[in-house]
Amino acid sequence: MKQMIIHGGKPLKGDVWIGGAKNSTVALIPASILSRTMVTLEGVPRISDVDNLMDLLSEMNVQCEFKQTTLKIDPAHIKMSPLPGDKIKSLRASYYFMGALLGRFGKAIVGFPGGDDIGPRPIDQHIKGFEALGATVRNQNEQIIITSPEDGLHGAHIPLAMPSVGATMNIIMASVTARGDTVIENAAKEPEIIDLATFLNNMGAVIRGAGTETIRIQGVPKISAKAPHTIIPDRIEAGTYVALAACVGDGIKIHNIIAEHLDSFLAKVEEMGVVIDTDEDSLFVYPAGDLKMIQVRTEPYPGFATDLQQPITPLLLTAKTGEGVVIDNIYPKRVRHIPELQRMGADLRVEDNIILVHPTAHLHGAHVQADEIRAGAALMIAGLMADGETCIDDADNILRGYDRVEMKLRKLGADVKIVER
Ligand code: EPU
């Protein structure tokens, strides 16, 4: 287990560069097996989810080479193999191998996905999509076995019950090489969906409408990578540094962002009174003055992202008066950070899936646990705000998705280290 040790209370200053989006990367890596030629991904974040996906690829005899932020994936000698077991459980995004294997081989055997404990996360919409394309889906010994009909998958009209990011991506991967046209209605509109569609279209796929609620896929016999693909910047990592800069910053510039991807988040931070200068691909967060309490409700994109409700919570604690409200409509049970923040002296509580936040003048260091990635991000920010030492157990969850976080924080002046326990 990794532990993050922070000595807080120091103002941070300087520049930070955002890495490639975790939630794009974890879809693009499985999607790479749809290519008949070598794939080159640029701007790949150094996070443990990527290491785990590379391990899964090597089990399929897919060669990977990861240098700096460039990942080369060569699926030329890929072997169709079942993907059961611990590696699958280590990250939720391993479910993208269902769509990718189905698209490439017409068959996928994948263990039940694991990932963050943020409440129930069904995959019924993914399954419904595969079945609509003609596949048969069986559960057997904790594995999902998905098989195409003998004449292959066929295009279909697939209305999703909710705009699920995972189901939208998985259906795109499975249908790119299906016979005929597929239409996904009520598709997720997240920027990561557009990134996947761009990546696949540049390989010869025909996907239209990504980023809107109707996505049309015209099946093609096969696709092959021709040029490197640069992954979009991570809007959640960027938002986390914005929150951190507003909490403990003495002027922080955040580089490599797409500001539009952060619109609803920045609107909330600015509503509190934080002053931000936004440029084309960077933003500057001024040291915060007196801040107002606000209400936050998470929604599918372009609404306020669920992945940023935990990182913004420590910022709410710095407001001078009033009662803040955080409601997560995507994952109502995503409250694992609350008891840990309380341990640090935060005045907040959960009532019927509503987080109530009260101004807290001082946080103190404590021994806490990062049960999931964004809870870990909230604790990391709180640790930087707190007087004294904060030890965050299970910091592995932070390293799953935050690119070179120890180095980036130190460069801003933080007293932070990650140790093996
Ligand atoms: N849902 C269903 N059935 C399904 C699929 C989803 O009921 O078949 C529900 C979920 O339970 C949830 C909602 O629909 O209430 C939205 O879930 P979605 O499928 O969009 O989420 P996901 O694909 O499982 C991705 C990200 C999450 C992020 C959500 C929402 C990845 C690997 N994960 O999850 O990221 O919170 O979209 O934007 O891309 C994170 O990075 O911290 C994280 C958890």
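Just so we're clear, the structure is a prediction, and the values are computed from it rather than from any experiment.

A. Inspection of the sheet that holds strand β7 (residues 136-140) at higher detail. Taken in spatial order, the three strands line up as β6-β8-β7 in an open sheet, and their pairing is antiparallel. Each edge of the sheet is formed by a strand with only one pairing partner; in this case those strands are β6 (107-111) and β7. Averaged over all pairs of adjacent strands, the angle between their axes in this sheet comes to 15°, without regard to strand direction. Relative to strand β8 (residues 143-147), β7 runs antiparallel, the two sharing five bridges. Along β8, the bridge assignment pairs threonine 136 with threonine 147.

B. Quick peek at the pairing of strand β22 (residues 389-393). Within β22, four of the five residues are buried, which leaves the element mostly enclosed by the surrounding structure. Direction of pairing for strand β1 (residues 2-7) relative to β22: antiparallel, over a ladder of four bridges. Its bridge partner lying in β22, methionine 4 is registered against isoleucine 392.

C. Geometry of the packing of helix α1 (residues 22-31) against helix α7 (residues 191-201). Running from N to C, α1 and α7 point in directions that differ by 30°, and their axes come no closer than 9 Å. Between α1 and α7, the crossing angle belongs to the class labelled roughly parallel. Where α1 crosses over α7, the two elements pack in a sense that is right-handed. Contacts from Asn23, Ser24, Ala27, Leu28 and Ala31 in α1 reach Glu192, Asp195, Leu196, Phe199 and Leu200 in α7. Class assignment for the residues of the contact of α1 with α7 results in six nonpolar, two polar and two charged.

D. Quick look at the pattern of salt bridges. For the structure shown, the criterion picks out 17 salt bridges. One salt bridge in this structure joins lysine 10 and aspartate 415, with 3.9 Å as the shortest N-O distance. Of the two residues, lysine 10 is situated in the loop between β1 and β2 (12-17) and aspartate 415 in strand β23 (residues 415-420); the sequence distance between them amounts to 405 residues. The exposure class assigned to lysine 10 is partly exposed, which follows from its relative accessible area of 35%. A salt bridge links glutamate 237 to lysine 408; the shortest N-O distance between them is 2.7 Å.

Definitions and limits used
Residues numbered from 1 in each chain as written. Predicted model: local features only at pLDDT ≥ 70, side-chain atom pairs only at ≥ 80, totals over all residues. Heavy atoms only, no water. Pairing = 2+ DSSP bridges. Helix = DSSP H or I, 4+ residues; strand = E, 2+ residues; numbered from the N terminus. Axes fitted to C-alpha atoms, helices over the stretch in contact; angles between N-to-C directions. Buried < 20%, exposed > 50% of the residue type's maximum accessible area, 1.4 Å probe, protein only. Parallel < 35°, antiparallel > 145°, perpendicular 65-115°, else oblique. Left-handed = near helix turned anticlockwise from the far one by under 90°. Contact = heavy atoms within 4.5 Å. Nonpolar A, V, L, I, M, F, W, Y, C, P; charged D, E, K, R; others polar. Salt bridge = Lys/Arg side-chain N within 4 Å of Asp/Glu carboxyl O.

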